[in-house]
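Descriptive structure summary
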Amino acid sequence: MAKAQQKNPEQIENKPKLKTVKIIPFLNGKRLKKAEKYPPETIFLSEPDYKELLKVKKQGKIEEAGLTVDELARELVKYREEELQRTINEAFEEGISALFEVRNPRKLRKKTIKPGEGYRLVPFWNGTIPATRKNHPPGTIFITLIEYNCLASALKAGDIKQHQVDDYARAFVKYREPEEIEAIEEYIRKHPPKVKPKKKKKAEDDRLFPVVNDKRIWDSEVKDYKPEEILWLTGKELNIVWEADFGRKGFQA
């Protein structure tokens with residue numbers, strides 16, 4: 001077992017090593033000595049940037065630019081931070097795009113608009129119209145079919161990417177023209193949401209309960225008695241009996 005866990009020497013030799021960048025503290029035009037604590041205004045340069053700074057300083061180009069050594073050092077740090085952020089953003093955009101391809105394999109397709117339905121609002125999220133028409137998750141965007149088709153056309157033309165679709169949908173909602181808002185409201189007035197009538201449950205008073213010898217019996221016990229021995233009471237009547245005094249006095253009441 002121990003032998004199986006041993007690594008091949010060739011694998012260890014060929015294993016890529018991470019390059020570490022040496023950081024150099026810099027202030028007042030010179031490199032600071034190693035210390036446990038540096039002043040708050042200390043500039044931390046990477047070794048390549050530090051060497052480049054010394055090179056430019058030696059050539060006398062810093063004074064020509066009207067800068068001090070520290071000012072140029074800070075500009076270098078700022079440039080590197082912005083460059084790093086650009087790299088991260090590009091990597092994030094590629095990664096998030098791939099993520100959406102997995103999570104949402106359905107592409108945004110044009111939905112046929114029937115005459116007069118252009119301003120019908122449809123729920124929209126995660127780059128598509130969900131199949132369900134209720135219990136919409138937080139963040140659901142309600143766009144018109146015209147706006148939906150605009151998104152579909154832009155995606156097909158390559159003007160926007162799949163993971164950007166929701167952001168553009170929110171922009172449509174935020175920047176609607178007054179006449180568009182009026183058309184949406186007019187459509188809603190003419191086509192109010194249909195509310196399905198709820199199925200009426202059988203009223204408790206319509207149900208009959210069997211009672212024998214002043215006692216409520218189970219429905220499964222009905223077959224054990226003769227029909228004339230059973231007294232059938234509605235739920236309301238049975239409640240009155242319970243409240244009065246269950247038993248012979250209750251039934252008499």
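The numbers attached to residues start from 1 for each chain and follow its sequence in the written order. For a predicted model such as this one, the threshold for reporting local features is a pLDDT of at least 70, and the threshold for listing and counting side-chain atom pairs is 80 or more; totals across whole chains, interfaces and linings nevertheless cover every residue. To obtain the side-chain values, all non-hydrogen atoms of the structure were used and water was disregarded.

Strand order in the open sheet formed by three strands is 7-6-8, and the pairing between neighbours is antiparallel. Two strands lie at the open edges of the sheet, namely strand 7 (215–216) and strand 8 (231–234), each paired on one side alone. If DSSP finds at least two bridges between two strands, the strands pair. Strands are runs of DSSP state E lasting at least 2 residues, helices are runs of H or I lasting at least 4, and numbering of each runs from the N terminus. Bridge count between strand 6 (residues 208–212) and strand 7: two bridges; the pairing is antiparallel. Across the sheet, residue Val 211 finds its bridge partner in strand 7, namely Arg 216.

What follows is about the confidence of the model for the protein. pLDDT gives the predictor's per-residue confidence on a scale running from 0 to 100. When the pLDDT values of the protein are averaged, the result is 76; 74% of them are 70 or greater. Below a pLDDT of 50 lies the segment residues 1–5, which in the model reaches zero contacts outside its immediate sequence neighbourhood of four places, other chains included. Here, residues are in contact when the closest pair of their heavy atoms is within 4.5 Å. Across residues 98–106, confidence stays below pLDDT 50; counting only partners more than four residues off in sequence or on other chains, it has 13 contacts.

On the surface, a cluster of negative charge is made up of Glu 71, Glu 75, Glu 81 and Glu 82. Within the secondary structure, Glu 82 sits in helix 5 (residues 69–103). Candidate patch residues must exceed 30% relative accessible area and have no salt bridge, after which like charges are joined if within 9 Å and Val, Leu, Ile, Met, Phe, Trp or Tyr side chains if within 5 Å. Each accessible area is a Shrake-Rupley result for a 1.4 Å probe, and residues are judged covered by the shown protein chains and nothing else. By definition here, a salt bridge exists when the distance from a side-chain nitrogen of Lys or Arg to a carboxyl oxygen of Asp or Glu is within 4 Å. Working convention for charge: Lys and Arg count positive, Asp and Glu count negative, and His plus the chain ends are omitted. For the purpose of locating charges, the reference atoms are NZ of Lys, CZ of Arg, CG of Asp and CD of Glu.

In this section: the sheet that holds strand 1 (residues 23–27). In spatial order, the strands read 2-1-3; together these three strands make up an open sheet with antiparallel pairing. Strands at the two margins of the open sheet, each flanked by one partner only, are strand 2 (30–31) and strand 3 (43–46). Sheet topology note: the strand 1/strand 2 ladder contains two bridges and is antiparallel. Looking across to strand 2, one finds that Leu 27 is bridged to Lys 30. Of the strands in this sheet, strand 1, strand 2 and strand 3 are in contact with helix 3 (residues 47–58), which crosses strand 3 at around 100°. Here, axes are lines fitted to C-alpha atoms. For helices the fit covers the stretch in contact, and angles between N-to-C directions go from 0 to 180 degrees.

Another aspect to go through is the pattern of salt bridges. Evaluated as defined, the whole model comprises seven salt bridges. The shortest N-O distance in the salt bridge between Asp 167 and Arg 170 comes to 3.2 Å. Residue Asp 167 and its partner Arg 170 are both found in helix 7 (residues 165–174); the two are separated by three residues, about one turn of the helix. Exposure categories follow from relative accessible area, calculated using a 1.4 Å probe and restricted to protein chains: below 20% of the type maximum is buried, above 50% is exposed, and the middle band is partly exposed. Classification of Arg 170 by relative accessible area gives partly exposed; the value is 42%. Across the salt bridge formed by Lys 190 and Glu 186, the nearest N and O atoms sit 3.7 Å from each other. Taken together, the residues span about one helical turn, with Lys 190 and Glu 186 both in helix 8 (residues 178–190) at a distance of four residues. The structure contains a network of salt bridges with shared partners spanning Asp 49, Arg 80 and Glu 83.

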